[in-house]
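Observations on the model geometry
In case you want the letters, here they are:
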Amino acid sequence: MSDFVLSRYLTDEGLLVEAALERAVGRLEPSLEPDLAAALRHGVMSGGKRLRPILCVTAYRACGGTAREAAYDLGAALELIHAYSLMHDDLPCMDDARLRRGRPTTHQEHGEELAVRAGAVLIPAAALQALSAARGLECGNGGAATVAQRLMEAAGAGGMVGGQWLDLLGENEALAADALDGLHRRKTGALLAASLEVGATAAGASPPVIEALREYGQAIGLAFQIADDILDGTQSAERLGKNPSDADLNKSTYVSLYGLEEARHRAEELVHEALSALTNGGIEAPALVSLAHYIVARDR
Ligand code: GRG
């Protein structure tokens, strides 16, 4: 697969992810009031890189998985959690953001109450979607239960919710490297690592392979956040399609901690760690190699 072209891969995979998200939202809509359904659709079908589902499906295939639609449905479960987290993160009681993915945030367009409710609807919906998608794959009932459990653990207090809480507490504080790493390993890294783990688990991968992909995911998760901080500190809100910036919120970032050059260097070191995890796990997957490089080189 030496002729692998990442831009084409991201476009092609992105379209299949959009279709899976459309199926997911379409399944939810009939049970929701129209205004709640509109807020939920706004939060989910609003673009974005769709990196978590793409990582999930890529790991699934790297571990020998061959199914099509159900693998994207599993990936979509991760994006439903991500979408809820962005909708809630943007609320006035959190980051109070006006712009997300180049559009007004969900609460700006639909009001706070509907943004809170739509986000809350997505959490159990994601768990149920992960369970039923995994049941349709090669991993049996036990594997499907593990998939749903890992997704909820990564989303929960020990993962994303816990990291977000530390992030809110850390506003106006100058965090040391360990504290910043710990926060982002949970807030951003846990869901990214879980994307790979659940893809591998659904393909019936062995525990050492799942562990290697978890290590890869943890390393790219932190690298992703460093790249995010670099973009946040160097690009305009228009270009990034989101505001406010970390500086506006007085948050510690890898750029404020290390400076731009050292932050870039740290991100590259983490990419190297991620690639070593693949090699050590005997995982040959050009797409995962390219995705690790993309995560630090991306421009949005
Ligand atoms: C109640 C404390 C509490 C938490 C609720 C709101 C929340 C849960 C969690 C927020 C977690 C969060 C905002 C993580 C951000 C991760 C991140 C770097 C987002 C940007 O991801 P991209 O670049 O975005 O993949 P796109 O738009 O491409 O999908």
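Placed above this text is the structure.
An account of the accompanying structure is given in this report.

About the cut-offs
- Residues numbered from 1 in each chain as written.
- Predicted model: local features only at pLDDT ≥ 70, side-chain atom pairs only at ≥ 80, totals over all residues.
- Heavy atoms only, no water.
- Helix = DSSP H or I, 4+ residues; strand = E, 2+ residues; numbered from the N terminus.
- Expected span 1.5 Å × (residues − 1).
- Buried < 20%, exposed > 50% of the residue type's maximum accessible area, 1.4 Å probe, protein only.
- Contact = heavy atoms within 4.5 Å.
- Core = buried A, V, L, I, M, F, W, Y, C linked by side-chain atoms within 4.5 Å.
- Axes fitted to C-alpha atoms, helices over the stretch in contact; angles between N-to-C directions.
- Left-handed = near helix turned anticlockwise from the far one by under 90°.
- Nonpolar A, V, L, I, M, F, W, Y, C, P; charged D, E, K, R; others polar.
- Near = heavy atom within 4 Å.
- Polar contact = N/O pair within 3.5 Å; in protein donor to acceptor, adjacent residues only side chain to side chain.
- Phe/Tyr/Trp six-rings, centres within 6.5 Å; stacked < 30°, edge-to-face > 60°.
- Lys NZ or Arg CZ within 6 Å of the ring centre and 35° of its normal.
- Patch = residues over 30% accessible without salt bridge, like charges linked within 9 Å, V, L, I, M, F, W, Y side chains within 5 Å.
- Areas by Shrake-Rupley, 256 points an atom, 1.4 Å probe, with all protein chains shown as cover.
- Salt bridge = Lys/Arg side-chain N within 4 Å of Asp/Glu carboxyl O.

Relative to the 34 Å expected for 24 residues at 1.5 Å per residue, helix α6 (residues 112-135) spans 35 Å between its end C-alpha atoms, a close match to the ideal helical length. All of the buried residues along α6 are Leu 114, Ala 115, Ala 118, Gly 119, Leu 122, Ala 125, Ala 126, Ala 127, Gln 129, Ala 130, Ala 133 and Ala 134. Those residues of α6 that are buried lie in contact with α1 (6-28), α2 (34-44), α4 (69-89), α5 (106-110) and α7 (140-155).

Turning our eyes to something else, we now look at unusual backbone geometry. In this model, Arg 50 sits at a positive phi of 60°, which is unusual for a non-glycine residue. Among the secondary structure elements, Arg 50 is positioned in the loop between α2 and α3 (51-62). If you check the backbone angles, Asn 172 has positive phi at about 70° while not being a glycine. Inspection of the secondary structure puts Asn 172 in the loop between α8 (160-169) and α9 (177-202). Asn 172 sits in the exposed class, given a relative accessible area of 58%.

By the secondary structure assignment, Ala 144 is in helix α7. Each C-alpha atom, one on Ala 144 and one on Gln 108, is 37 Å from the other, the two residues being 36 residues apart in sequence. Apart from residues no more than four positions distant in its own chain, Ala 144 is found in contact with Leu 131, Ala 134, Arg 135 and Cys 139.

Looking now at the nonpolar core. Counting 90 residues, the largest nonpolar core has Leu 55, Leu 74, Leu 122, Leu 213, Tyr 216, Leu 288 and Leu 291 as its most contacted members. Leaving out residues up to four positions away in the same chain, Leu 55 has contacts with Leu 192, Ser 195, Leu 196, Tyr 216, Ile 220, Leu 288 and Leu 291.

What follows concerns the packing of α3 against α4. Packed helices, taken two at a time, are described by the angle their axes make and the gap between the axes. Orientation of α3 relative to α4, taken along the N-to-C sense of each, is 150°, at an axis distance of 7 Å. Along this stretch, α3 crosses α4, giving a crossing that reads as right-handed. For the pair formed by α3 and α4, the contact residues are Arg 52, Pro 53, Cys 56, Val 57, Tyr 60 and Arg 61 on the first element and Ala 71, Tyr 72, Leu 74, Gly 75, Ala 76, Leu 78, Glu 79 and His 82 on the second. Residue composition of the contact of α3 with α4, grouped by class: 9 nonpolar, 2 polar and 3 charged.

The next point concerns the site of the ligand. The immediate surroundings of the ligand are formed by 20 residues, with Lys 49, Arg 52, His 82, Arg 101 and Phe 224 found nearest. In this structure, an oxygen atom belonging to the ligand sits 2.8 Å away from a side-chain N or O atom of Arg 101. Of all the secondary structure elements, the ones that give two or more residues to the shell around the ligand are α4, α8, α9 and α10 (207-234). Ranked by residue count, the leading element in the shell around the ligand is α4, at 6 residues. When grouped by side-chain class, the residues that make up the shell around the ligand number 7 nonpolar, 7 polar and 6 charged.

Take α2 next. Among the residues of α2, Leu 36, Ala 37, Ala 39, Leu 40, His 42, Gly 43 and Val 44 are the ones counted as buried. In the core, the buried residues of α2 are packed alongside α1, α4, β2 (103-104), α5 and α6.

Let us now look at the packing of aromatic side chains. Enumeration according to the criterion identifies 2 aromatic pairs in this entry. Over the face of the ring belonging to Phe 224 we find Arg 52, whose NZ or CZ atom lies 5.6 Å from the ring centre. Against the face of Phe 224 rests Arg 298, its NZ or CZ located 3.9 Å from the ring centre.

This paragraph deals with a nonpolar patch on the surface. A contiguous nonpolar patch, built from Trp 165, Leu 166 and Leu 169 and spanning about 310 Å² of accessible area, is present on the exposed surface. Positionally, Trp 165 belongs in helix α8. Residue Trp 165 is classed as exposed on the basis of its relative accessible area of 53%.

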